[in-house]
Structure formats: C-alpha cells, structure tokens
Amino acid sequence: NAGVTQTPKFRILKIGQSMTLQCTQDMNHNYMYWYRQDPGMGLKLIYYSVGAGITDKGEVPNGYNVSRSTTEDFPLRLELAAPSQTSVYFCASSYEGSSNQPQHFGDGTRLSIL
Amino acid sequence: AQKITQTQPGMFVQEKEAVTLDCTYDTSDPSYGLFWYKQPSSGEMIFLIYQGSYDQQNATEGRYSLNFQKARKSANLVISASQLGDSAMYFCAMRPMDTGRRALTFGSGTRLQVQP
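Residues numbered from 1 in each chain as written. Chains lettered and ligands numbered in written order. Predicted model: local features only at pLDDT ≥ 70, side-chain atom pairs only at ≥ 80, totals over all residues. Heavy atoms only, no water.

Right, let's talk about the overall build of chain A for a bit. Looking only at helices and strands, one finds zero helices and 11 strands in chain A. The linear arrangement of helices and strands in chain A, starting from the amino end, is β-β-β-β-β-β-β-β-β-β-β. For chain A, whose C-alpha radius of gyration is 13 Å, the value lies close to the compact-globule estimate of 13 Å for 114 residues. In terms of its C-alpha atoms, chain A occupies a principal-axis envelope of roughly 40 × 30 × 25 Å. Within chain A, the proportion of its 114 residues that are buried is 46%. Within chain A, residue pairs in contact and separated by at least 24 positions form 55% of the contacts whose partners lie at least 6 positions apart. For chain A, the centre of its 9 positive side-chain charges and the centre of its 9 negative side-chain charges are spaced 10 Å apart. (Helix = DSSP H or I, 4+ residues; strand = E, 2+ residues; numbered from the N terminus. Rg over C-alpha atoms; globule rule 2.2 N^0.38 Å. Buried < 20%, exposed > 50% of the residue type's maximum accessible area, 1.4 Å probe, protein only. Contact = heavy atoms within 4.5 Å. Lys, Arg positive; Asp, Glu negative; His and termini not counted. Charge placed at Lys NZ, Arg CZ, Asp CG, Glu CD.)

This is the structure in structure tokens:
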C-alpha cells in the first residue's frame, strides 16, 4: 500500500533552472493537491485538481504549473526557479465521496534554490 | 475565506499527562470539516482526527479527542496520557464541505515537546 508517492525527496536547483516534482497515488482518489510549507509555517495550497483534465489555482500559484492527465499522477512544474520557492512541497490526495475523508499526504520534497 | 489560528507556538507536557492544543477558526461556510494533523521531525503529515461542523458529539480517536465548541469557533485537540513519541508539530486545518474546492486551510502549528 504505497499511498501517495513523491519524487524526488530532496533537490537543489540553481536560480532560473526548471524542474518537475512528481506525485502519484494508487488509491483511485479523484482529488489531488499541491501544498508548500515554508519553515515554521503551516501548509499553503498551490494548485489542486478535482479529476483528470481539471486543475485550478490555490492560494500561492505564481511560478508553478500543473497538469492532470491521469487519475494517478499530478506533477508540479517550476519553470524559472527563484529563491522564494525554497520550501518543502507536499502532494496530497483524497476521495470526495464522503465529507469526512482526510487528505493523504506524501512524504514531501525538500527543494532548495541557490 | 477561511482562517485558522493556533496561538501556542510551543507547548511542553510531562509524559503521561494530558495536554490541550488550541485552535480557533473563522469561516463563512455553513458546513465545514475540521482536521488535526501531526508532523514529526521526519516531516510526514499524519492525519489524527476529524470533526464535522454538524456532528453532535466531539470526535475521539484513541488517545486523541477534539473539544469542539461551535459557538466559540474553537476545535482544540486533547491528547491524553502523553507519550515521548507525541513530540511533534501539530496542525489544525479546515475545509468547506459544500463547494468543489475541498483544499485544507492550515494554521501555523504548535510544537509539542513531551518530557520524561
């Protein structure tokens, strides 16, 4: 039972570089989310998706892009890395058939932009 | 818009004692859910307990219980019989239930340290 899998776990980027954070879930959840967690803070929503082909912006979407071509995968793209994007990134998923369903989180990707 | 406030940046508790972590919230949504997550030093987010806004009884899950006071807009987490493994960050979160956007809004967290 893998749950939500994020890769890579750690990454260092140079300013201006691009990368894709991968997220996949094997629970057949329709909802998926990307959050970022800055040091000493709670999580903030970047993007979310309610199903394949449907994505929408969250609270802090600038500098990021997402796509959802399958139910399982929800990659997050950084096009031009900036120091302000240094953070821990969490992918989560949930099944929204019932209102009390918790979100299941991946283990996070720790990203440093230098 | 929703807002979660956790006013205790850090808490200490003796092993085997109970501790209450405070959470207050603000929302205009008529129906919502409240969640608590634990984040140990290893970094993963672990779901602990859920309370629905229309639930009549306070939620309980093992040593965790949620003291829900709707009129005061508070959803405090109570951990009974603290263990050393309870040392972690604890986040209160909420989301609306009647819209398509089910993402969580998080508080800034409380760092709990359990002392032997």
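Next comes the rest of the write-up.
Moving on, we get to the pattern of salt bridges. Applying the stated rule across the entire model yields four salt bridges over all chains. For R36 of chain A, the salt bridge identified is with D38 of chain A, shortest N-O distance 2.8 Å. Assessed through its relative accessible area of 11%, R36 of chain A is described here as buried. Residue classification places D38 of chain A among the partly exposed residues on the basis of a relative accessible area of 26%. Between K73 of chain B and D26 of chain B there is a salt bridge, and its shortest N-O distance comes to 3.3 Å. Of the two residues, K73 of chain B is situated in the loop between β8 (64-69) and β9 (74-79) and D26 of chain B in strand β4 (residues 24-26); the sequence distance between them amounts to 47 residues. Residue class for K73 of chain B comes out partly exposed when judged on its relative accessible area of 30%. Relative accessible area serves as the criterion here: at 43%, D26 of chain B is assigned to the partly exposed category. (Salt bridge = Lys/Arg side-chain N within 4 Å of Asp/Glu carboxyl O.)

Residue and element names in this part refer to chain B. Y25, W36, I49, L77 and Y90 are the most contacted members of the largest nonpolar core, which totals 24 residues. The dominant element in this core, judged by the number of residues it contributes, is strand β10 (residues 88-96), at four residues. With residues near it in sequence (within four places) discarded, L77 still touches V19, T20, L21, W36, L48, I49, Y64, S65 and Y90. (Core = buried A, V, L, I, M, F, W, Y, C linked by side-chain atoms within 4.5 Å.)

Aromatic ring pairs are described here by two measures, namely the spacing of the ring centres and the angle between the planes. One pass over the full model with this rule turns up 14 aromatic pairs over all chains. Considering the side-chain rings of Y31 of chain A and Y33 of chain A, the 6.3 Å spacing of their centres and the 40° angle between planes classify their relative orientation as tilted. Relative to F105 of chain A, the ring of F90 of chain A has its centre 6.3 Å away and its plane inclined at 80°; by these criteria the two rings are edge-to-face. Taken together, the positions of F90 of chain A in strand β9 (residues 87-94) and F105 of chain A in strand β10 (residues 104-105) put the pair 15 residues apart, joining distant regions of the chain. The class of F90 of chain A is buried, set by a relative accessible area of 1%. For F105 of chain A, a relative accessible area of 10% translates into the label buried. By way of ring pairs, the aromatic residues Y31, Y33, Y35, F90 and F105 of chain A together with F35, Y37, F47, Y50, F91 and F106 of chain B are connected into one cluster. Positioned above the aromatic ring of F74 of chain A, the side-chain terminus of R68 of chain A is 6.0 Å from the ring centre. (Phe/Tyr/Trp six-rings, centres within 6.5 Å; stacked < 30°, edge-to-face > 60°. Lys NZ or Arg CZ within 6 Å of the ring centre and 35° of its normal.)

Time to look at the environment of Q22 of chain A. With respect to the helices, strands and loops of the structure, Q22 of chain A is situated in strand β3 (residues 19-25). Through-space distance from the C-alpha of Q22 of chain A to that of P8 of chain A is 7.3 Å; in sequence the pair is 14 residues apart.

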